[in-house]
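Take a look at the letters that make up each chain.
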Amino acid sequence: MEARLEQALLLKRVVEAIKDLVQDCNFDCNDTGIALQAMDNSHVALVSMLLKAEAFSPYRCDRNIPIGINLTSLTKVLRCAQNDDILTLKAEDSPDTINLTFESSESDRLSEYDIKLMDIDQDHLGIPETEYAATITMPSAEFQRICRDLIALSESVSIEATKEGVKFSCAGDIGNGSVTLRSHTNVEKPELNVEIDLAEPVALTFSLKYLVNFCKASALSGSVKLCLSNEVPLLVEYGLSGSSWLRFYLAPKIGDEE
Amino acid sequence: MGIKHLYQVIGEHAPDAIKTGEIKNQFGRKVAIDASMSIYSFLIAVRSEGQQLTSETGETTSHLMGMFYRTLRIVDNGIKPLYVFDGAPPKLKSGVLAKRVMRKAEATDAHEEAKETGTAEDVEKFSRRTVRVTREHNEECKRLLRLMGVPYIDAPTEAEAQCALLARAQKVYAAASEDMDTLCFDSPILLRHLTFSEQRKEPILEIHLDKVLAGLDMDRCQFVDLCILLGCDYLDPIPKVGPNTALKLIRDYKTLEGVVEYIEKDPKHKYSIPEDWPYKEARELFFNPDVRPADDPLCDFKWEMPDVEGLVQFLVTEKGFNEDRVRSAAVRLQKNLKGSQQQRLEGFFKPLPKTAEEIANIKRKNEEKNEEKKKKQKSEQKAKKETKGKPRGTA
């Protein structure tokens, strides 16, 4: 396997965004690209990433190779790369280590690191195709701000999408609060657009601790997509260049049926 | 107790069947707990300066202390526990039970003697061995559970068997017991260390039966036969048959019938089967234990609000617990029952079955590891022998 990334920044940010959620995970490499799927320890949230072959130049991988890696170790090595460095990943067919080289774009500096790999036995979850009842696209900084503001009051947030807009509300010991967003088109600054695509109204409750964690991916993309349907996990998607993506799924909190 | 060396065998041949994790990772799950085993362990472990805890009038309260606070810890971590109490033991167990009674009697004598002549350490050691769970202990625990709003059920015979059935029928996620024979009763998942004290910092072990069977490359019949051969509660073990031999015998002769035939026909008489060894009855007990079917109305469990005043009356007034602690615990019980519950992802996304390639990979790696271990052991032994062989003082 060999993959060359024009900017180390992309991988740095992806790993930075997920390393607090999962400790060890497999990067599954095949001819279409590099995929990752991992649940957090308590099996509430799931990270799913796909870096398509097009995101690299060039990309070569002839067999299915799982690369099991400790993300803390990977972070340590990625810290040695400058954001603009050209990053190349290399691994053998049944690898014990993965090789990373960073080439400076400005000078002739070349650094090279090997990280030991590990055997990770993890279940792959089948994620069914879902037609979501509501899809909300908004600036990722806005979503991050909402989550950070509301976690000061409560540990969970209820997200309610209706014709009028989408309302994030919470109630805690000191009081309650809410933020409402409406569909909004800004011609001059399209990155501030809020789009709400609604098939039917939904209302769900989620743990803010996890959402705040997801927001660490905000640096990867200017906008974020939230997909909701009643009684299914929330999908938070950050689009990456070249139709690659980083997705988070979060199981809802449900009032007890008994 | 349980199956001898089974945990060790699983660890060696099916390590991927055992998952370790923190108690909080089990949140949102219902678990059936073997109550009798837990109460026994509370009586042994919940102590202060080696003595069981007692109320002012001298009644033992270790079991209530354990039941109350350990259950609270389980509930605090978002788990819904239900307790299963032992019923009458099956006849085949009488041999083991008689031996236990004898040992208790011996220990009681030794305890008395130690009190007279022995050190404090001896006294404590023997006092632990004299522990027995009485009917009163059980009744008091049941009363406590009712007040806490935690459901329980009396098993017709063995509690582990009932726990296993509830897990198999998906009434609960797993059976929690320290007893490994819960797996013989076909519990899909066994949790160990769930009722341990927080201070012990023991991770929760989650043992998956399907992976055990896959790792051992056996079906359930063979697995149960293996467990009987390893040594269960119902039969005396065959002398000189340890975990390795037991595994080899089942691999070579497939069933206990085959093993017995081999042992009887073996001209060298390497092993001898105990005179009274009704292995077919034992096997029957594992396959068809006397349990309440899962659709029995008694198996509909409800977790209710705790009776705070009842708890205070029982634990504080009658048993001398600290009132503030009992009340704050009751508040936590209420809080955990109310409010919205965080769901687990497995409820929505199902794990995909592993591909044949992946399974083969796991197996190969496991074999490699075992090989390495054996080599290491051998070289260590060799090194030992060499150092032994050297005359002293020449080093």
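Starting from 1, residues in each chain are numbered consecutively following that chain's sequence as written. Written order decides the labels, with chains lettered from A and ligands numbered from 1. pLDDT decides what is reported in this predicted model: residues at 70 or higher carry local features, side-chain atom pairs at 80 or more are listed and counted, and totals for whole chains, interfaces and linings draw on all residues regardless. In computing side-chain values, all of the structure's heavy atoms are included and hydrogens and water are not.

Asker: Honestly, the UniProt feature "domain: Proliferating cell nuclear antigen PCNA N-terminal" (unreviewed entry) in chain A in this entry has me stumped. Any pointers?
Answerer: UniProt positions are given in the numbering used here, feature names are shortened, and annotations may be inferred rather than shown by experiment. In this numbering, the UniProt entry assigns the feature "domain: Proliferating cell nuclear antigen PCNA N-terminal" (unreviewed entry) to residues 1-123 of chain A. Secondary structure counts use DSSP, requiring at least four H or I residues in a row for a helix and at least two E residues in a row for a strand, with both numbered from the N terminus. Annotated as 15% helix and 43% strand, the span residues 1-123 of chain A places its first and last C-alpha atoms 23 Å apart.

Asker: Just to check I follow, could you spell out the nonpolar core for this structure?
Answerer: Across soluble globular proteins, nonpolar side chains show a tendency to be buried alongside one another. For the purposes of this section, nonpolar cores are sets of buried Ala, Val, Leu, Ile, Met, Phe, Trp, Tyr and Cys residues that join through side-chain atoms within 4.5 Å. Each residue is placed in one exposure class: buried if its accessible area under a 1.4 Å probe, protein chains only, is under 20% of its type's maximum, exposed if it is over 50%, and partly exposed if it falls in between. If you look at the biggest cluster of nonpolar residues, it comprises 81 residues, and the most contacted ones within it are Phe27, Phe143, Phe168, Leu211 and Phe248 of chain A. Residue contributions to this core peak at 7 residues, all from helix 1 (residues 8-18) of chain A. Every residue pair with non-hydrogen atoms within 4.5 Å of one another is taken to be in contact. With sequence-adjacent residues up to four places away left out, Phe168 of chain A is seen in contact with Met138, Phe143, Ile146, Leu150, Val157, Ser158, Ile159, Gly177, Ser178, Val179, Leu181 and Leu226 of chain A. Counting 48 residues, the second-largest nonpolar core is a separate cluster that includes Ile10, Ile207, Met218 and Leu247 of chain B.

Asker: Explanation requested: the UniProt feature "domain: XPG-I" (unreviewed entry) in chain B in the structure shown.
Answerer: Residues annotated in UniProt with the feature "domain: XPG-I" (unreviewed entry) correspond here to residues 146-218 of chain B. Helix makes up 34% of residues 146-218 of chain B and strand 21%, with an end-to-end C-alpha separation of 42 Å.

Asker: Would you mind going over the sheet that holds strand 6 (residues 65-70) of chain A with me for this structure?
Answerer: Within a sheet, each strand pairs with its neighbour through backbone hydrogen bonds, oriented either parallel or antiparallel. All names here are of chain A. At least two DSSP bridges between two strands are required for those strands to pair. Strand order in the open sheet formed by 9 strands is 6-2-3-4-19-18-17-11-15, and the pairing between neighbours is antiparallel. Among the strands making up the open sheet, the edge pair consists of strand 6 and strand 15 (195-198). Between one strand and the next, the sheet's axes are offset by a mean angle of 15°, whatever the strand orientation. Here strand 11 (residues 134-139) pairs with strand 17 (residues 223-228) via 6 bridges, running antiparallel. When the sheet's bridge partners are listed, Pro139 is paired in strand 17 with Ser223. To obtain each axis, a line is fitted to C-alpha atoms, and for helices this fit is confined to the stretch in contact; angles are then taken between N-to-C directions over 0 to 180 degrees.

Asker: Honestly, the pattern of salt bridges in this entry has me stumped. Any pointers?
Answerer: It is possible for side chains bearing opposite charge to pair when their charged atoms get close. Basic side-chain nitrogens of Lys or Arg form a salt bridge, by our definition, when they fall within 4 Å of a carboxyl oxygen of Asp or Glu. Under the counting rule described, the total for this entry stands at 29 salt bridges over all chains. Asp300 of chain B serves as the salt-bridge partner of Lys171 of chain B, at 3.1 Å between the closest nitrogen and oxygen. Highlighted residues: Lys171 of chain B in the loop between helix 7 (159-168) and strand 7 (174-176) and Asp300 of chain B in the loop between helix 13 (279-287) and helix 14 (308-318), separated in sequence by 129 residues. Across the salt bridge formed by Arg220 of chain B and Asp186 of chain B, the nearest N and O atoms sit 3.7 Å from each other. Taken as a pair, Arg220 of chain B in helix 10 (residues 220-230) and Asp186 of chain B in the loop between helix 8 (181-184) and strand 8 (189-192) lie far apart in primary sequence, 34 residues in all. Of the residues examined, Asp186 of chain B reaches a relative accessible area of 17% and is grouped as buried. Each of Glu16, Lys19, Asp20 and Lys216 of chain A takes part in salt bridges that share partners, so that together they form one network.

Asker: What should I look at first to understand the confidence of the model for chain B in this one?
Answerer: Close reading of the predicted structure is inappropriate where its pLDDT is low. All names here are of chain B. pLDDT: the predictor's confidence for each residue, scored from 0 to 100. This prediction gives chain B a mean pLDDT of 86; 97% of its residues lie at or above 70. For chain B, helix 5 (residues 120-129) is the element with the lowest average pLDDT, namely 73, and strand 7 is the one with the highest, namely 95. ipTM for the predicted complex: 0.84, alongside a pTM of 0.79.

Asker: Looking at this structure, I do not really get the UniProt feature "domain: Proliferating cell nuclear antigen PCNA C-terminal" (unreviewed entry) in chain A. What am I missing?
Answerer: Feature annotation in UniProt places "domain: Proliferating cell nuclear antigen PCNA C-terminal" (unreviewed entry) on residues 126-253 of chain A, given in this structure's numbering. Across residues 126-253 of chain A one finds 15% helix and 44% strand; the C-alpha atoms that close the span lie 21 Å apart.

Asker: Looking at this model, I keep getting lost on the interface of chain B and chain A. Mind explaining?
Answerer: Many analyses report the size of an interface as the accessible area lost when the parts associate. Contacts between the two partners involve 26 residues from chain B, matched on the other side by 28 residues from chain A. For the chain B and chain A pair, buried surface summed over both sides reaches about 2,300 Å², with 53% attributable to carbon and sulfur atoms. The term buried area denotes the loss of accessible surface (1.4 Å probe radius) that occurs when two parts are joined, taken as the sum for both partners. For the chain B face of the interface with chain A, the top three residues by lost area are Gln342, Leu345 and Phe349 of chain B, together amounting to 29%. Between the two partners, chain B and chain A, sit 0 salt bridges.

Asker: I keep staring at the packing of helix 14 of chain B against helix 15 (residues 323-337) of chain B and nothing clicks. Help me out?
Answerer: Two numbers describe a pair of packed helices, the interaxial angle and the distance between the axes. All names here are of chain B. Interhelical geometry of helix 14 versus helix 15 gives an angle of 145° and a closest axis separation of 10 Å. In terms of crossing hand, the pair formed by helix 14 and helix 15 is right-handed. Only Glu323, Val326, Arg327, Ala330 and Gln334 of helix 15 make contact with helix 14, whose side of the interface consists of Val308, Glu309, Leu311, Val312, Leu315 and Val316. Amino acids are sorted into nonpolar (Ala, Val, Leu, Ile, Met, Phe, Trp, Tyr, Cys and Pro), charged (Asp, Glu, Lys and Arg) and polar (every other residue, Gly among them). Considered class by class, the residues forming the contact of helix 14 with helix 15 number 7 nonpolar, 1 polar and 3 charged. For any pair of crossing helices, the crossing counts as left-handed if the nearer helix is rotated counterclockwise from the farther one by less than a right angle, and right-handed if it is rotated clockwise.

Asker: Explanation requested: helix 5 of chain B in the structure shown.
Answerer: Note that an α-helix has 3.6 residues per turn; residues three or four places apart therefore point the same way. Residue and element names in this part refer to chain B. The set of residues buried in helix 5 consists of Val123, Phe126 and Ser127. On an axial view of helix 5, the arc spanned by its buried residues comes to 105°, and they lie on one face. In this structure, the buried side of helix 5 is in contact with strand 3 (47-48) and helix 4 (94-117). Arc definition: it is the arc formed by the directions from the helix axis to the C-beta atoms.

Asker: Please clarify how unusual backbone geometry should be interpreted in this entry.
Answerer: Excluding glycine, most residues fall at negative phi; most peptide bonds, likewise, are trans. Residue Ser57 of chain A is joined to Pro58 of chain A through a cis peptide bond whose omega torsion reads 0°. By the element assignment, Pro58 of chain A lies in the loop between strand 4 (45-52) and strand 5 (59-60). Even without being glycine, Asp186 of chain B reaches a positive phi, approximately 75°. Here Asp217 of chain B, not a glycine, exhibits a phi torsion of approximately 55°, which is positive. Using a relative accessible area of 55% as the deciding quantity, one classes Asp217 of chain B as exposed.

Asker: Help me understand the side chain of Asn25 of chain B in this model?
Answerer: Along the chain, Asn25 of chain B turns up in the loop between strand 1 (18-21) and strand 2 (30-34). Residues in contact with Asn25 of chain B, not counting those within four places in the same chain, are Asn41 and Ser42 of chain A together with Arg344 of chain B.

Asker: Can you walk me through the packing of aromatic side chains in this structure?
Answerer: Classification of ring pairs rests on two measures: the distance between centres of Phe, Tyr or Trp rings, Trp counted by its six-membered ring, which must be within 6.5 Å, and the angle between planes, read as stacked under 30 degrees, edge-to-face over 60 and tilted in between. A full pass over the atoms with the stated rule returns 12 aromatic pairs over all chains. Between Tyr249 of chain A and Phe349 of chain B, the aromatic rings sit 5.3 Å apart at their centres with planes inclined by 90°, giving edge-to-face as the arrangement. Highlighted residues: Tyr249 of chain A in strand 19 (residues 244-250) and Phe349 of chain B in the loop between strand 10 (340-342) and strand 11 (350-351), drawn from two different chains. Accessibility classification places Tyr249 of chain A together with Phe349 of chain B in one group, the buried group. Taken together, the aromatic side chains of Phe214, Tyr238 and Phe248 of chain A make up a single cluster linked through ring pairs. Both a distance and an angle decide whether a charge sits over a ring: NZ of Lys or CZ of Arg must be within 6 Å of the ring centre and within 35 degrees of the ring normal. In this arrangement the basic side chain of Arg29 of chain B is found over the ring face of Tyr173 of chain B, its NZ or CZ atom lying 3.6 Å from the centre. Between the NZ or CZ atom of Arg344 of chain B and the centre of the ring of Phe27 of chain B, over which it lies, the distance is 5.0 Å.

Asker: I keep staring at the sheet that holds strand 1 (residues 2-5) of chain A and nothing clicks. Help me out?
Answerer: Residue and element names in this part refer to chain A. The 5 strands lie next to each other as 5-1-7-8-9, forming an open sheet whose pairing is antiparallel. Two strands lie at the open edges of the sheet, namely strand 5 and strand 9 (110-116), each paired on one side alone. As defined by bridge partners, strand 1 adjoins strand 7 (residues 86-90) across 4 bridges and the pair is classed as antiparallel. The residue bridging Ala3 from the neighbouring strand is Leu89, located in strand 7. The sheet contacts of helix 2 (residues 71-78) involve strand 7, strand 8 (97-103) and strand 9, and relative to strand 8 the element is tilted by about 25°.

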